[in-house]
Amino acid sequence: MRLVPAALAVWAVMLMGLGFGPVGGGVATAGAGVVAAIALWKGRRPWLLAAAGCAAAAGLVIVAHTLAVGLHPLRALADRGAAVTLHVVVDDDPRAVRASAYGSQTGEPSMVVVPATLTGASADDTDWTLGGSVVLLAPHEGWHGLLPGQALTAEGLLVPADRADLTIAVLRVRGPPQHVLAPPWWQGVAATLRAGLREAAAAALTPSGAGLLPGLAVGDTSVLSAKVEADFRAAGLTHLLAVSGANLAIVSGAVVGLLTLLGAGPRFAAGVGAVALVGFVVLVRPSPSVLRAGVMAAIVLLALGAGRSRAAVPALAAAVLVLLVVDPSLAVDVGFALSVTATAALVLLAPGWARRLQQRGLARWPAEALAVSVAAFVVTAPIVAGLNGELNLVAVVANLLAAPAVAPATVLGVLAALVSPLGAPVATAVAWTSTPAVWWLVFVADQAAAVPGATLPWVEGVVGALLLVGVLVVVVALARSRAVRALMIALAVGAALVLVPSRLRPPGWPPEAWSVVACDVGQGDAIVLATGVPGWAVLVDAGPEEGLVDACLRRLGVHHLAMVVLSHLHADHVGGIAGAVRGRGVGAIALGPVHEPRWALGVVRKAAADARAPLVALAKGTRLRWPALTVDVIGPVHPAGEVDAEDGAAVNDGSLVLRLGTPAGTVLLTGDAEVAAQSDLLAAGAGLQADVLKLPHHGSRSTSSAFLRAVGARTVLVSVGAGNRYGHPNLRLLGELERAGARVRRTDLSGDLAVIGGAGGLALVARGDPLPARRRRCPGVRPSGRRCVRRGRPAPRAPPSSWRARWRWGRPGRLRRRGSSGRPR
């Protein structure tokens with residue numbers, strides 16, 4: 001344990017230097033020097049002298065680093081957004097940044113983040129030969145296939161990095177990489193093995209499993225589907241997709257164990273194990289957790305070869321010391337912190353907890369599995385809660401259920417990668433044997449992510465992390481008393497008996513005789529219409545995600561969809577179509593006149609084929625009837641023949657506008673129709689009067705007062721996501737409606753909204769429990785997924801071709817003429 005204070009002191013000094021610059025590092029160095037002098041003079045507590053000496057040395061290191069970054073010539077250029085040409089060497093695989101725009105394909109990457117080491121730069125006819133760390137924000141096309149070790153040239157605009165972690169600047173790249181050199185041979189071999197694993201998994205497993213197996217085995221998540229990734233995140237299983245100490249222990253331990261069985265000496269076995277360890281680190285890429293585990297394993301192998309004690313705690317502390325001195329930026333890396341704390345929990349807490357559980361009559365295997373899951377959750381929960389602003393309540397159970405399948409899937413995945421050079425059939429056969437384990441992991445993540453109320457909101461940042469640490473310390477301290485422990489268990493069981501059923505099925509939901517329900521699917525639309533036949537409904541739009549619309553339909557008891565009507569093909573209206581039709585009988589899927597963007601049309605066609613439902617077209621004048629529902633298509637009045645998919649307003653104005661006859665009254669559904677389409681409806685004299693209005697375009701400003709007066713609805717539904725980045729709904733517009741006497745209800749505040757009719761007239765019932773606001777992600781992220789950069793000045797783009805897109809050209813969320821300041825959309 002004597003190395004632990006030294007490791008913690010070095011970590012603290014690195015944090016001070018990174019947070020407060022050279023001054024903070026200098027103060028920390030001076031303080032550590034004073035403590036070291038006092039300890040040396042007193043001649044006591046050698047651990048204190050060692051910790052103070054290590055901290056002083058770390059202070060000198062961080063001062064040197066922060067001075068070099070602060071005085072770097074590119075810092076001044078980044079502050080003014082200068083155009084530069086950088087010569088860099090790629091440090092890690094490019095990481096995709098998922099698209100989130102309303103017209104973008106859900107989960108599809110729009111750009112990549114490339115961490116790199118600077119070798120030179122050119123700006124304003126001046127050339128430098130420089131070093132340092134930079135981050136490239138580049139287009140996905142042309143950049144996603146780069147390998148670590150490749151040297152290249154990139155052009156673009158510099159942006160300041162907003163975190164003091166030794167990143168000099170961020171480059172918003174324009175165009176493809178130039179002067180790209182071949183990667184080192186070992187990186188080429190690693191890329192071949194990883195590609196072989198991807199191909200074998202794709203040939204042997206389902207699409208979900210084909211993306212998961214490479215992530216489990218070698219940390220390759222490039223083909224992981226957005227749904228599986230979201231499920232693993234919601235279930236608290238994301239750590240399985242990052243290579244950690246468990247993977248390295250399997251490889252090096254298997255090699256050393258095999259050689260020992262064959263009679264090899266400890267030094268020879270340790271040497272061969274070290275070679276295997278280095279090779280595996282190259283194969284999986286040196287992420288922070290891999291580096292930590294690799295250094296720790298190397299120290300253990302060194303101790304094995306020297307015949308010394310192989311305690312885990314000093315190995316972990318030594319790994320932290322070495323890595324922080326070599327790369328001080330790891331001190332603020334979330335992945336590194338989670339890896340170290342989880343390893344410490346497994347070493348210090350899990351064995352004792354497992355013994356106590358066995359003493360109370362639990363068998364060895366379930367006791368160890370439960371102790372490992374709980375220990376890892378307890379020590380990492382404060383970091384995760386402070387980072388995400390939420391507390392995951394299903395992570396322990398999900399990890400416990402997933403544990404038996406992790407090792408087989410990982411071993412078989414690594415083996416499939418290693419045998420892939422022998423031929424595709426061999427690798428495919430090995431990957432196929434992992435089918436049961438991979439299926440189980442996908443199933444556990446899917447079921448855990450679907451648990452209502454699985455996460456609780458929490459305070460973000462350092463304050464939230466420290467608050468949860470305090471709560472956990474108090475709980476553990478109180479639990480030492482048998483009486484208090486019994487009381488806590490009784491309270492937890494009672495709360496579960498009350499809260500869980502209410503989360504699964506809130507009292508009074510769904511209300512009797514509901515006619516229309518606006519589902520809370522976040523930033524998107526999904527409207528369910530009762531047909532008068534139990535279990536049958538019509539769905540208008542499907543929201544942005546599969547799980548959200550599926551959960552809403554399950555809550556309503558909808559088992560068959562007489563028809564799915566898609567107002568238009570933006571991602572926030574069609575992204576969940578597969579979840580809506582999966583496991584349900586579907587009569588037909590109906591589209592409007594606009595079939596852009598093309599990727600969305602492909603998604604709809606695939607969903608229709610999977611559901612064995614025909615695709616039908618709806619146009620103005622079409623009438624559809626069911627026992628308790630009439631649907632009249634009244635718009636668009638003038639459907640455009642050719643629409644530019646990049647012109648979001650044109651696609652919105654092609655939305656189907658539906659007037660419904662229900663037992664609760666008339667309802668007008670408008671999709672995302674904007675001012676132009678609304679004007680067409682007014683000019684055509686369409687019958688717009690309705691008792692209930694679904695506000696167009698999630699309550700955006702692009703709704704005219706004349707249109708609202710013509711509708712004259714007394715009840716207005718707003719389908720909108722909490723904390724969305726578009727500024728929806730427009731508060732001035734809502735105020736105008738309320739002053740006119742309309743009842744306005746929003747899904748982001750009230751959850752699902754049901755319209756019902758009765759003897760007393762139309763009524764509105766809110767389910768409550770709305771979806772939490774999603775944190776806004778900045779465009780620049782570190783390979784660990786947590787580094788942000790200021791947006792700065794974006795790289796120039798070619799203006800769109802259509803006049804409507806040029807009208808709206810400018811910052812997202814603004815409507816402007818070119819050359820004018822514009823007004824809010």
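Residues numbered from 1 in each chain as written. Predicted model: local features only at pLDDT ≥ 70, side-chain atom pairs only at ≥ 80, totals over all residues. Heavy atoms only, no water.

## A short note on the sheet that holds strand β23 (residues 743-746)
Quick note on the threshold: In this description, strands pair whenever DSSP reports at least two bridges between them. Where helices and strands are cited, they refer to DSSP runs of H or I of at least four residues and of E of at least two residues respectively, numbered from the N terminus. Each axis is a line fitted through C-alpha atoms, and for a helix only the stretch in contact is used; angles between axes span 0 to 180 degrees, taken between their N-to-C directions. Two residues form a contact once any of their heavy atoms are found within 4.5 Å.
As summarised here, the arrangement of the 7 strands in space is β17-β18-β19-β20-β21-β22-β23, forming an open sheet in which the pairing is mixed. On the outer flanks of this sheet lie β17 (623-626) and β23, each paired with one strand and no other. In this sheet, adjacent strand axes meet at a mean angle of 20 degrees when their direction is disregarded. Pairing geometry for strand β18 (residues 629-635) and strand β19 (residues 657-662), over 5 bridges, is antiparallel. The residue of β19 that forms the bridge with Val631 is Leu660. In the packing of helix α26 (residues 731-739) onto the sheet, the strands contacted are β22 (715-718) and β23, and the crossing angle to β23 comes to about 145 degrees.

## Quick look at the nonpolar core
Selection criterion: What is meant by a nonpolar core is a set of buried Ala, Val, Leu, Ile, Met, Phe, Trp, Tyr and Cys residues, joined one to another through side-chain atoms within 4.5 Å. Exposure categories follow from relative accessible area, calculated using a 1.4 Å probe and restricted to protein chains: below 20% of the type maximum is buried, above 50% is exposed, and the middle band is partly exposed.
Among the nonpolar cores identified, the biggest contains 58 residues, and Leu74, Leu86, Leu136, Trp143 and Leu158 are the most heavily contacted of them. Of all the elements, helix α1 (residues 3-42) adds the most residues to this core, at 10 residues. Formed by 51 residues, the second largest nonpolar core is a distinct cluster that contains Ala210, Leu213, Val290 and Val406.

## A few points about the side chain of Glu596
To keep things clear, this is the line we draw: Within 3.5 Å is the distance limit for a polar contact, defined as a pair of N or O atoms, with the added protein rule that one can donate a hydrogen and the other accept it, and that residues adjacent in sequence qualify only through two side-chain atoms.
Its location among the elements puts Glu596 in the loop between β15 (589-591) and α22 (598-611). Here Arg598 takes part through its side chain, which lies 3.3 Å from a polar atom of the side chain of Glu596.

## So, the pattern of salt bridges
Note the cut-off: Just to be clear on terms, a salt bridge is a Lys or Arg side-chain nitrogen sitting within 4 Å of an Asp or Glu carboxyl oxygen.
One pass over the full model with this rule turns up 12 salt bridges. One salt bridge in this structure joins Asp93 and Arg194, with 3.6 Å as the shortest N-O distance. Placement of the pair is Asp93 in the loop between β1 (83-90) and β2 (95-98) and Arg194 in helix α4 (residues 185-204), with a sequence separation of 101 residues. Judged by its relative accessible area of 14%, Asp93 falls in the buried class. Here Asp610 makes a salt bridge to Lys606, at a shortest N to O gap of 3.0 Å. Of this pair, Asp610 and Lys606 both sit in helix α22, separated by 4 residues, roughly a single helical turn. Residue class for Lys606 comes out exposed when judged on its relative accessible area of 54%.

## Side note on the packing of aromatic side chains
Heads up, the rule is: Here a pair means two rings of Phe, Tyr or Trp (six-membered ring of Trp) with centres within 6.5 Å. Their orientation is stacked below 30 degrees between planes, edge-to-face above 60, and tilted elsewhere.
Enumeration according to the criterion identifies 4 aromatic pairs in this entry. The interplanar angle of 40 degrees and the centroid separation of 6.3 Å between the aromatic rings of Trp439 and Trp440 together place this pair among those described as tilted. Taking the centre distance of 5.3 Å and the plane angle of 10 degrees together, the rings of Trp439 and Phe443 count as stacked. Note that Trp439 and Phe443 are positioned in helix α16 (residues 435-449) at a spacing of 4 residues, about one turn of the helix. Three or more aromatic residues joined by ring pairs make a cluster, and in this case those are Trp439, Trp440 and Phe443.

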